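What follows is each chain in one-letter form.
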Amino acid sequence: MASSRSLKLLHRIGWEFWLPLPIIAVLFWFVGNFMTAQVLSRPYDSIHKLQADPQLDFKVSVSILAINAKIDQKREVTTILIRTTDAHLKKLEYEFPTTETDQVETALAQELKMSTDTIRKIISYRIKD
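Starting afresh in each chain, residues are numbered from 1 along the sequence in its written order. Since the coordinates come from a predicted model, pLDDT governs what is reported: local features require at least 70, and pairs of side-chain atoms require 80 or more to be given and counted, while whole-chain, interface and lining totals use all residues. As a rule here, side-chain values cover all heavy atoms of the structure and leave hydrogens and water aside.

Student: Any chance you could break down a nonpolar patch on the surface for me, citing the residues and the numbers?
Tutor: A cluster of nonpolar side chains, Leu7, Leu9, Leu10, Ile13, Trp15 and Leu19, forms an exposed patch at the surface whose accessible area comes to about 600 Å². Element by element, the count of residues in the nonpolar patch is highest for helix α1 (residues 2-13), at four residues. Secondary structure is summarised from DSSP: a helix means a run of H or I of at least four residues, a strand means a run of E of at least two, and numbering begins at the N terminus for each. On the secondary structure map, isoleucine 13 appears in helix α1. For isoleucine 13, a relative accessible area of 51% corresponds to the exposed category. A residue counts toward a patch only above 30% relative accessible area and without a salt bridge, and it is joined to like-charged neighbours within 9 Å or, for Val, Leu, Ile, Met, Phe, Trp and Tyr, to nonpolar neighbours within 5 Å. Surface accessibility in these figures is a Shrake-Rupley result with a 1.4 Å probe; residues are shielded only by whichever protein chains are displayed. What makes a salt bridge here is a side-chain nitrogen of Lys or Arg within 4 Å of a carboxyl oxygen of Asp or Glu, nothing more. Under the scheme applied here, a residue whose accessible area is under 20% of the maximum for its type counts as buried, over 50% as exposed, and between as partly exposed, the area being computed with a 1.4 Å probe on protein chains only.

Here it is in structure tokens:
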């Protein structure tokens, strides 16, 4: 009698649905872990290799307002600050490992792809001891 009551109670709460759920969940967990281990452990050969830190070559085509050079004789470097008319690129900054004005002008002319005469006309120097 008690067993028939408990069977009716189990049937009423839907034991046919709730009993297999933990078994199915454990089965999904094991299969998922196995598939993940298989996918992550296989070798991956790609014809397209990832390239890190490529040298980007870009040309600056903005009008230059002023070039200010600060020569630091203690560190033996020259810091160049270039102000431009472009709204997005207001300042450019370069640093050259020399304190000689001719070398600075030549290096800057090569960097900006301009003539050294043009650079000499618009550059101003400040010497820091």
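More follows now that the structure is in view.
Student: Explain the sheet that holds strand β3 (residues 91-96) to me, using residue names and the numbers behind them.
Tutor: Ordered by their spatial adjacency, four strands build an open sheet running β3-β2-β1-β4, and the pairing between neighbours is mixed. Both outer strands of the open sheet, β3 and β4 (123-128), are each paired with one neighbouring strand and no more. Taking each pair of neighbouring strands and ignoring which way they run, the sheet shows an average axis angle of 20°. We treat two strands as partners when DSSP finds at least two bridges between them. Of the strand pairs in this sheet, strand β1 (residues 64-72) and strand β2 (residues 77-84) are connected by eight bridges, and their pairing is antiparallel. Counted as the bridge partner of asparagine 68 is leucine 81 from β2. Structural elements are reduced to axes, namely lines fitted to C-alpha atoms, with helices fitted over the stretch in contact, and the angle between N-to-C directions of any two is expressed from 0 to 180 degrees.

Student: Outline the pairing of β3, supporting the account with residue identities and numerical values.
Tutor: Judged by which residues are buried, β3 turns out to be one-sided: Leu92, Tyr94 and Phe96 face inward and are buried, whereas Lys91, Glu93 and Glu95, on the alternate face, are not. Sheet analysis places β2 next to β3, joined by six bridges and oriented antiparallel. Bridge pairing in β3 links threonine 79 to glutamate 95. Taking the residues that link successive antiparallel strands as the turn, the β2-β3 hairpin has six residues.

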